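Listed below are the residues making up each chain.
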Amino acid sequence: MVKILVVNGPNLNLLGTREPEIYGSMGLDEINRQVDGLAGRLGLEPEFFQSNHEGEIIDRIQGCGSECKGILINPGAFTHYSYAIRDAIASIGLPCVEVHLSNIHAREEFRKQSVIAPVCLGQVSGFGRQSYLLGLRALADKLNSRGISDE
Ligand code: DQA
């Protein structure tokens, strides 16, 4: 199994109760469970990490180590202004996919910009929990095409 890191940023621990009209009624544990199920079928072994703190997210990304081959990340509000998380992703050079539950391009002006997306393979936004599953498929596909296996 190929190890990947799945990162969820601030306030995503509140999914299920947080603005359900925007983010849906599914909690993060259930989303992670679905990601875990699909990951297994794709030959990936995810490690899940959620934090409300920018520095902790940076430390976790830096600590990826050689056994981790890719990152799936929903940076939450850090998407829009964290140059430090962007630099952390760029520094470790692993393929990364950015995901969002809501369509950030159809919301407030400040949400339309992602400072993270330019250092990612791509972004999936607006499909609720499916954004994670679609993003995971894209990451798996990229790892496959690069011939990355668990050896
Ligand atoms: C979000 C979008 C962000 O703008 C917001 O700050 C979040 C969630 C999403 O998944 O739609 O916390 O990343």
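Since the structure is predicted, the reported quantities are computational estimates derived from the model, not experimental observations. (Residues numbered from 1 in each chain as written. Predicted model: local features only at pLDDT ≥ 70, side-chain atom pairs only at ≥ 80, totals over all residues. Heavy atoms only, no water.)

Q: I'd like a rundown of the packing of helix α3 (residues 54-62) against helix α4 (residues 83-92), residues and numbers included.
A: Where α3 meets α4, the closest approach of the two axes is 9 Å, and the angle between their N-to-C directions is 5 degrees. Our classification of the angle between α3 and α4 gives roughly parallel. Each of E54, I57, I58, I61 and Q62 in α3 lies in contact with α4, whose residues at this interface are A84, I85, A88, I89 and I92. Broken down by class, the residue content of the contact of α3 with α4 amounts to 8 nonpolar, 1 polar and 1 charged. (Axes fitted to C-alpha atoms, helices over the stretch in contact; angles between N-to-C directions. Helix = DSSP H or I, 4+ residues; strand = E, 2+ residues; numbered from the N terminus. Parallel < 35°, antiparallel > 145°, perpendicular 65-115°, else oblique. Contact = heavy atoms within 4.5 Å. Nonpolar A, V, L, I, M, F, W, Y, C, P; charged D, E, K, R; others polar.)

Q: Before we move on, can you summarise unusual backbone geometry with the specific residues and values?
A: Look at N11: it is not a glycine, yet its phi comes out positive at around 75 degrees. If you check the backbone angles, E19 has positive phi at about 35 degrees while not being a glycine. With respect to the secondary-structure elements, E19 resides in the loop between β1 (2-8) and α1 (20-23). Overall, E19 belongs to the partly exposed group, its relative accessible area being 36%. (Buried < 20%, exposed > 50% of the residue type's maximum accessible area, 1.4 Å probe, protein only.)

Q: I'd like to hear about the packing of helix α2 (residues 28-41) against helix α5 (residues 129-145), residue by residue, with values.
A: Running from N to C, α2 and α5 cross one another at 25 degrees; their axes reach a closest spacing of 10 Å. Classified by the angle between their axes, α2 and α5 sit roughly parallel to one another. Considering the relative orientation of α2 and α5, their crossing is right-handed. Where α2 abuts α5, its residues I31, Q34, V35, L38 and A39 lie against R129, Y132, L133, L136 and R137. Looking at the contact of α2 with α5, its residues break down into 7 nonpolar, 1 polar and 2 charged. (Left-handed = near helix turned anticlockwise from the far one by under 90°.)

Q: Talk me through the site of the ligand; I want residue IDs and the actual numbers.
A: As a matter of local geometry, the ligand sits amid R18, Y23, N74, G76, A77, H80, H100, L101, S102, I104 and R111. For the ligand, an oxygen atom lies 2.8 Å from a polar atom in the side chain of N74. Contact distances for the ligand include 2.7 Å between an oxygen atom and a side-chain N or O atom of H80. For the ligand, the accessible surface in isolation is 320 Å², of which the surrounding protein chains cover 99%. Under a 2 Å grid-point criterion requiring more than half of the atoms, the pocket assigned to the ligand is the largest cavity. Each residue belonging to the shell around the ligand can be placed in one class, and the counts come to 4 nonpolar, 5 polar and 2 charged. (Near = heavy atom within 4 Å. Polar contact = N/O pair within 3.5 Å; in protein donor to acceptor, adjacent residues only side chain to side chain. Areas by Shrake-Rupley, 256 points an atom, 1.4 Å probe, with all protein chains shown as cover. 1 Å grid on protein atoms, 1.4 Å probe; cavity = no way out; pocket = protein on both sides within 12 Å on 5 of 7 lines; lining within 4 Å. Sits in = over half its atoms within 2 Å of the grid points.)

Q: Just give me the short version of empty space enclosed by the protein, but keep the residues and values in it.
A: Enumeration over the complete set of coordinates arrives at 1 cavity of 30 Å³ or more. Roughly 130 Å³ of volume is contained in the largest cavity. Along its surface, the largest cavity is lined by 15 residues, and Y23, N74, G76, A77 and H100 are the ones closest to its centre. Residue classes in the lining of the largest cavity are distributed as 6 nonpolar, 6 polar and 3 charged. (Points joined across faces, edges and corners; volume = space filled by probe spheres on them.)

Q: Describe α4, listing the residues and the values that go with them.
A: For α4, the set of buried residues is I85, A88 and I89. The arc that holds every buried residue of α4, seen down its axis, measures 95 degrees, which confines them to one face. Of the exposed residues in α4, the ones pointing more than 90 degrees away from its buried face are Y83 and S91. Residues of α4 that are buried sit in contact with α3, β3 (68-74) and β4 (96-100). Downstream of α4 by one or two residues, G93 has phi in the positive range, about 70 degrees. (Arc of directions from axis to C-beta.)

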